[in-house]
Amino acid sequence: MDERTHNAQAKREQIIEDLTKAIVDAAQPHIDPSTPREEIDKRAKEITERLQFESNIALSELVTRFSRIKPATEQPAQERTYIRFGRNFRAQHMLMFMSVILLILTGMPLKFPEFGISKFMIVTVFGGLQNSTLIHRIAAVGLIIVGVWHVGYIAFSRMGRRDFWLMIPRPHDAKDFFHTLMYYLGRKPSGPKFGRFSFIEKFDYWAVYWGMVVMIGSGLILWFKEMFNKGLFDIAREAHSDEGLLATLAIIIWHFYNVHFNPEVFPMSWVWWNGKLTESQLKHHHPLEYAEIINAERKEVELRAEKQSTGAESES
Ligand code: HEM
């Protein structure tokens, strides 16, 4: 780090410190005097961290966009977009949702045959019980393919391995969950900052894959019942029927809310189709991932600038 950069960094840290102090001082006359000092110090530390985070991003954005040397990324005329999901993953998701929609439409009428809508689905839409159970089996094969495909994707693709690793629940997810609750109850000024996957997305992922194991396992027992004893068949039928209803409700309530009906994304997030997020979407929904990307780009630009200047020095 050259002297100028070092001085600029020291100045920035000083300004952040002064600004935190100014904010706390401005708030002081309005704060309940019985508030413990440690509580205020804790909040002041949080303010410093927020200011540091934002100023770091702002610096990285300026460096990567307006670098003297060729920037790490070309400067697009429109807002930058980032690839969140590659083609392979999007294809898996498409096959999965087509299969699951068909499985729900052909499975639920079997669970609730007394409903008028069930008769309508089986008789009018699918043309009879034989067709509808055949479609259930065809869609089940689609789901099995997705399951095997996904395991292969995790094992053999770099992106699959990385995402699987990032999907593993960690202690900070529990923290983020309580932070979100506190935010919704008005006890925190803002929600938690998420990385590539929030605890909501992790829950979605594991619910789906755990659900798949149960549905495929129990479905195969129902399908090939002659190979299993009656006790196992009965357990499988109960598990299949109840987990099927749970999966249907989880999709309609949890997943549809998060990706369709949530006012922040309504009518839907198009990431399932084109795999892309705009810079502002990435910054808003996954600020820690955005910070990681933009700070890495800044490092790259700085490194190239350094190499260029040492190259120019040795030439002269
Ligand atoms: C999201 C996935 C799935 C849902 C929501 C679903 C739902 C259902 C429901 C509600 C039933 C009726 C159970 C009852 O009688 O109470 C059913 C039956 C059945 N399911 Fe599934 N299922 C799914 C996946 C699968 C899979 C992956 C397979 C096969 C591997 C499968 C095979 C069967 C079979 C064989 C039956 C018995 C009825 C028949 O003869 O078609 N299902 N399913």
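Quick caveat: nothing in here was measured; it's all calculated off a predicted structure. (Residues numbered from 1 in each chain as written. Predicted model: local features only at pLDDT ≥ 70, side-chain atom pairs only at ≥ 80, totals over all residues. Heavy atoms only, no water.)

Looking at the packing of aromatic side chains
Between two aromatic rings, the relevant description is the distance of the centres plus the angle of the planes. This model, assessed by the stated rule, comprises 17 aromatic pairs. Pairing Phe-177 with Phe-199 gives two aromatic rings, centres 5.7 Å apart and planes at 85°, and the pair type is edge-to-face. Note that Phe-177 is positioned in helix α7 (residues 171-184) and Phe-199 in helix α8 (residues 199-223), a separation of 22 residues in sequence. Classification of Phe-177 by relative accessible area gives partly exposed; the value is 38%. For the pair Tyr-183 and Tyr-184, a centre-to-centre distance of 5.9 Å together with 35° between the ring planes defines the contact as tilted. Relative accessible area serves as the criterion here: at 36%, Tyr-183 is assigned to the partly exposed category. Tyr-184 gets classed as exposed once you look at its relative accessible area, which sits at 64%. Taken together, the ring pairs connect Phe-97, Trp-270, Trp-272 and Trp-273 into an aromatic cluster. Note that Arg-170 overlies the ring of Trp-165, its terminal NZ or CZ placed 4.8 Å from the centroid. Lys-193 extends its terminal NZ or CZ atom over the ring of Phe-53, reaching a point 4.8 Å from the ring centre. (Phe/Tyr/Trp six-rings, centres within 6.5 Å; stacked < 30°, edge-to-face > 60°. Helix = DSSP H or I, 4+ residues; strand = E, 2+ residues; numbered from the N terminus. Buried < 20%, exposed > 50% of the residue type's maximum accessible area, 1.4 Å probe, protein only. Lys NZ or Arg CZ within 6 Å of the ring centre and 35° of its normal.)

Notes on the site of the ligand
The environment of the ligand is formed by 22 residues, the closest being His-136, Arg-137, Arg-237, His-240 and Ser-241. Between His-240 and the ligand, the recorded distance is 2.8 Å, taken from a side-chain N or O atom to a nitrogen atom. Among the secondary structure elements, those contributing two or more residues to the shell around the ligand are α3 (87-111), α5 (129-156), α8 and α9 (230-261). Class assignment for the residues of the shell around the ligand results in twelve nonpolar, seven polar and three charged. (Near = heavy atom within 4 Å. Polar contact = N/O pair within 3.5 Å; in protein donor to acceptor, adjacent residues only side chain to side chain. Nonpolar A, V, L, I, M, F, W, Y, C, P; charged D, E, K, R; others polar.)

Some points on the coordination of the iron atom of the ligand
Within the protein, His-136 (NE2) and His-240 (NE2) serve as the donor atoms for the iron atom of the ligand, at 2.0 to 2.1 Å. Each of the six donor atoms around the iron atom of the ligand contributes to a set of angles spanning 85 to 179°, which defines the coordination as octahedral. Of this pair, His-136 sits in helix α5 while His-240 sits in helix α9, and the two are 104 residues apart along the sequence. Comparing His-136 with His-240 shows no difference in burial state: the two are buried. (Donors = N, O, S within 2.8 Å, 3.2 Å for Na, K, Ca; no water. Tetrahedral: all angles 85-135°; square planar, octahedral: opposite > 155°, others 65-115°.)

Focus: unusual backbone geometry
Residue Pro-267 follows Phe-266 across a cis peptide bond; omega there is 0°. Relative to the helices and strands, Pro-267 resides in the loop between α9 and α10 (271-274).

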